[in-house]
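Fold and contact review
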Amino acid sequence: MGKTKNTRFKRPQFSADGLSVSAVKDVLEEEEQQEEAEESPAVELLEKLQSPCADVREYACASISRVVQQSQTIPSFLQRDAVRRLGPLLLDSSLAVRETATGALRNLSACGGLDVCEDMVRQDVLTPLTALLKEVSSLTRGQPVDLLCAHCLHTVTEDNSELTGSVSGAVLAAQENVLLSTQSSMEHVLLRTLTTLESRLASKSTAEPDSASAHSEEQPATGNGASVEEEEEMEEGDGEVKKNGRKKNGKHAKIDKDISDFLPRDRLELREAIALLTAQQTSLEIIVNMCCSDEPSDDEWEEMSSSDESEMCLDGTDGNTSLLSPLCLSAELHTTLLNHSVPQQVLKKAEFPSVSALDICRKDSSWRCLIKKMQRVQCRALTCLNNILSAMDAECLGGAAGLQAVAQHLSSLVFSSEEVLKEEEFLEAVTSAMRSLLQIMASKKIPQCMSPQQLMSVCEAATRCELVSVRVNALAIMGITGSTLAKENGSAETLQLIGNALLNVATKDADLVVCGEALDALFDVFADGDEAESAARSINLLSALKALQPIFKAKIRKEGRGGKYSPDQLCILDNIRINLRRFIGYLETLKKK
């Protein structure tokens, strides 16, 4: 044990008025906190919610709706029971107050994140909300409220087997009636999709939005769940943006005291398009969840090497980039997906929106929000493709010819323009699909249609991306490509390019997970073979790894204590550290030959 420094207590300093310096600081801090509380808009606005005047209550709700879009203001509202004060206003005698109170709660949840939503539930926001929905449903055609409730049902039942297992027979019967409905509007398609409980009825609706897509070739994404920015974009028109019944210039818009003002029914074509896109996105997300499992199969656990482990969980993602259990599909579900040509439908949705569809959306400001939604459906389709590749047997996907066709399709996407490689969401989805596909093709010894130079150009763009998962995918792709090339004659020059790229990332990337993946890929590429040995000597791989070894070890010790990385990630990083030592020993043995 080393020596410890004794604790010394310093004599307190005093100010001129007789108070200790620390006491003066406490008083000043208390005064500052009081001043901040008095200056906070939350105090005044929440008090105005209790006003007997409906216009004042409406103004307060609208102001809260606007202010909470700045997320740093949300804690001051929550600390003063904003949810409990806003909740009763959902049943206010004034429809304008109801509308603006709903908008305030909506923005509070959208801008506050999951923690705020959970807090709202704890503060019993669902009681007045349910009462409002019941009242509104008794005054309309019912479908808009049905969609809202279906959105809620879909959200709360996702990944919640306990809840789906306790659903009553009456609820399941109602769901069955909705699913068997023959109404063809896009809103009804969306309703049927959202009503699906994944654990019970998913197989009955997987093909639904695909048949609906025949109505519109280029439309996929999220409707009623639009973000604050998207909603504002949809409300643009004549140079003004309407918010909560007010125009941007501060003047009051005329509010008709009618329930139709609470549930606007205009812009039918736009609503139909949004409904279709939402149905397609939701359906793809359901298939994604059906084609993966949370845990590897027993065979996978037994066969897992350190390299396999890093492919499965080094990036810490939930299935977009890791190869999940290929044994998770039941025979019935497997057959259902094939009978409805789901893989082919998913591949079609992975295409870019047509130029004509984009032009239509750009010409009308209220339709611009659909561009993001179409792009999001494409990304969901690519993620879905990734999971389908991992979950279904290669022969069921068309064998070698089918997989090469998929590779050609992905190639056409990534090499369509340089701009697409700058879109992070697309890059994450497409590199995940490419990683899964190349891994399968390599294991089946199926020739790749993309040249190593093409793959390197994609990987170089991906390694510059800020998203860790994208960089990890790129490194895994380089590892798969390099290990395949190492078995071919005359590949030493290309292996040198791959090796230098991987060394550069392993040495310079700020994220340990990415560094670990780069090292793991190096182990795969230069594991054996004459071409690999020649390339390793040319890039001085042994000396480079010897120099990197103590740095990598020190980083694990230092950064592993801060909580930045999960226990699983740290375990894998430690395995890579051990394998690095072993791999250096292997290279030293080759050098002595």
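Residues numbered from 1 in each chain as written. Predicted model: local features only at pLDDT ≥ 70, side-chain atom pairs only at ≥ 80, totals over all residues. Heavy atoms only, no water.

**Focus on the overall build of the protein**
Secondary structure summary: the protein contains 31 helices and two strands in total. Classification of the 593 residues of the protein by burial places 47% in the buried group. Residue pairs at least 24 apart in sequence account for 76% of intrachain contacts in the protein once pairs closer than 6 positions are excluded. When the accessible area of the protein is evaluated, it comes to approximately 30,800 Å², of which 50% is carbon and sulfur surface. (Helix = DSSP H or I, 4+ residues; strand = E, 2+ residues; numbered from the N terminus. Buried < 20%, exposed > 50% of the residue type's maximum accessible area, 1.4 Å probe, protein only. Contact = heavy atoms within 4.5 Å. Areas by Shrake-Rupley, 256 points an atom, 1.4 Å probe, with all protein chains shown as cover.)

**Points about helix α22 (residues 369–391)**
With 23 residues, α22 ought to run about 33 Å at 1.5 Å a step, and its terminal C-alpha atoms sit 33 Å apart, in line with that. Within α22, 20 of the 23 residues are buried, which leaves the element mostly enclosed by the surrounding structure. (Expected span 1.5 Å × (residues − 1).)

**Regarding the confidence of the model for the protein**
In regions of low pLDDT, the predicted coordinates are not meant to be interpreted in detail. Averaged over all residues, the pLDDT of the protein is 76; the fraction at 70 or higher stands at 72%. The least confident element of the protein, judged by mean pLDDT, is strand β2 (residues 240–241) at 32; the most confident is helix α28 (residues 512–525) at 95. Note on residues 1–21: pLDDT is under 50 here. Beyond four places in sequence and across chains, it has seven contacts. Residue range residues 294–328 is modelled with pLDDT below 50. Its contacts to residues more than four positions away, or to other chains, number 82 contacts. (pLDDT = per-residue confidence, 0-100.)

**Overview of the pattern of salt bridges**
In a structure, side chains of opposite charge can pair up when their charged atoms sit close to one another. Following the criterion strictly, the structure yields twelve salt bridges and no others. The partner of Glu44 in a salt bridge is Lys48, and the shortest N-O contact between them spans 3.0 Å. Taken together, the positions of Glu44 and Lys48, both in helix α2 (residues 41–48) and four residues apart, correspond to about one turn of that helix. In this structure Glu44 comes out as partly exposed when scored by relative accessible area, which is 44%. Two residues, Arg98 and Glu135, come together in a salt bridge whose shortest N-O distance is 2.9 Å. With a gap of 37 residues between them, Arg98 in helix α6 (residues 95–122) and Glu135 in helix α7 (residues 126–137) connect regions that are remote in the sequence. Given the relative accessible area of 31%, Glu135 is considered partly exposed. Here the salt bridges do not stand alone but share partners, grouping Glu285, Arg380 and Glu425 into one network. (Salt bridge = Lys/Arg side-chain N within 4 Å of Asp/Glu carboxyl O.)

**Some details on the nonpolar core**
By size, the foremost hydrophobic cluster in this structure holds 95 residues, and its most contacted members are Leu410, Leu519, Phe526, Leu541 and Leu545. With near-sequence residues (within four places) excluded, Leu541 lies in contact with Leu503, Leu522, Phe526, Ala536, Phe583 and Leu587. In terms of nonpolar packing, the next biggest core, distinct from the first, is built from 28 residues, Ala42, Leu49, Ile64 and Val97 among them. (Core = buried A, V, L, I, M, F, W, Y, C linked by side-chain atoms within 4.5 Å.)

**A closer look at a nonpolar patch on the surface**
A contiguous nonpolar patch, built from Val121, Leu126 and Leu129 and spanning about 220 Å² of accessible area, is present on the exposed surface. Relative to the assigned elements, Val121 resides in helix α6. (Patch = residues over 30% accessible without salt bridge, like charges linked within 9 Å, V, L, I, M, F, W, Y side chains within 5 Å.)

**So, helix α27 (residues 492–508)**
With 17 residues, α27 extends 24 Å from end C-alpha to end C-alpha; this agrees with the ideal 24 Å at 1.5 Å per step. Its buried side turned inward, α27 meets α25 (452–463), α26 (468–485), α28, α29 (530–538) and α30 (541–559).

**A word on a positive patch on the surface**
There is a patch of like positive charges on the surface, built from Lys553, Arg557, Arg561, Arg581 and Arg582. Of note, Arg561 is situated in the loop between α30 and α31 (567–591). (Lys, Arg positive; Asp, Glu negative; His and termini not counted. Charge placed at Lys NZ, Arg CZ, Asp CG, Glu CD.)

**Thoughts on unusual backbone geometry**
Positive phi, close to 65 degrees, is recorded for Asp124, a residue that is not glycine. As for its position among the elements, Asp124 is in the loop between α6 and α7. Here Asp124 falls in the partly exposed class, since its relative accessible area comes to 41%. One non-glycine residue, Asn540, adopts positive backbone phi at about 50 degrees. Examined against the element boundaries, Asn540 turns out to sit in the loop between α29 and α30.

**Observations concerning the environment of Lys555**
Looking at the secondary structure, you find Lys555 in helix α30. Spatially, the C-alpha atoms of Lys555 and Leu512 are 7.6 Å apart, while their sequence positions differ by 43 residues. Aside from chain neighbours lying at most four places away, what touches Lys555 is Asp509, Leu512 and Gly560.

**Comments concerning the side chain of Thr481**
With respect to the element layout, Thr481 can be found in helix α26. Judged by relative accessible area, which is 5%, Thr481 ranks as buried.

**Some remarks on the environment of Arg192**
On the secondary structure map, Arg192 appears in helix α11 (residues 186–195). For the pair formed by Arg192 and Ala150, sequence separation is 42 residues and the distance between their alpha carbons is 8.7 Å. Side-chain polar atoms of Arg192 contact the backbone oxygen of Ser181, separated by 3.2 Å. Polar contacts involving the side chain of Arg192 include one to the main-chain carbonyl oxygen of Gln183, which spans 3.0 Å. (Polar contact = N/O pair within 3.5 Å; in protein donor to acceptor, adjacent residues only side chain to side chain.)

**Observations regarding the packing of helix α23 (residues 399–414) against helix α24 (residues 424–443)**
When two helices pack together, their arrangement is captured by the angle between the axes and the distance separating the axes. For the pair α23 and α24, the least separation of the axes is 11 Å and the interaxial angle reads 150 degrees. Between α23 and α24, the angle is such that the two are roughly antiparallel. The element α23 and its partner α24 pack so that their crossing is left-handed. On α24, the residues touching Leu403, Gln404, Val406, Ala407, Leu410, Leu413 and Val414 of α23 are Phe426, Val430, Ala433, Met434, Leu437, Ile440 and Met441. Among the residues making up the contact of α23 with α24, the classes are represented as 13 nonpolar, one polar and no charged. (Axes fitted to C-alpha atoms, helices over the stretch in contact; angles between N-to-C directions. Parallel < 35°, antiparallel > 145°, perpendicular 65-115°, else oblique. Left-handed = near helix turned anticlockwise from the far one by under 90°. Nonpolar A, V, L, I, M, F, W, Y, C, P; charged D, E, K, R; others polar.)

**Here's the deal with the packing of aromatic side chains**
A full pass over the atoms with the stated rule returns three aromatic pairs. Both rings, one in Phe352 and one in Phe426, keep their centres 5.5 Å apart while their planes meet at 35 degrees; by these two values the pair is tilted. Of this pair, Phe352 sits in the loop between α20 (342–349) and α21 (355–363) while Phe426 sits in helix α24, placing them 74 residues apart in sequence. Between Phe523 and Phe583, the aromatic rings sit 5.1 Å apart at their centres with planes inclined by 45 degrees, giving tilted as the arrangement. Linking Phe523 in helix α28 with Phe583 in helix α31, this pair joins segments that are 60 residues apart in sequence. Across this residue pair, the class does not change: Phe523 and Phe583 are buried. Pairwise contacts between aromatic rings join Phe523, Phe583 and Tyr586 into one cluster. (Phe/Tyr/Trp six-rings, centres within 6.5 Å; stacked < 30°, edge-to-face > 60°.)

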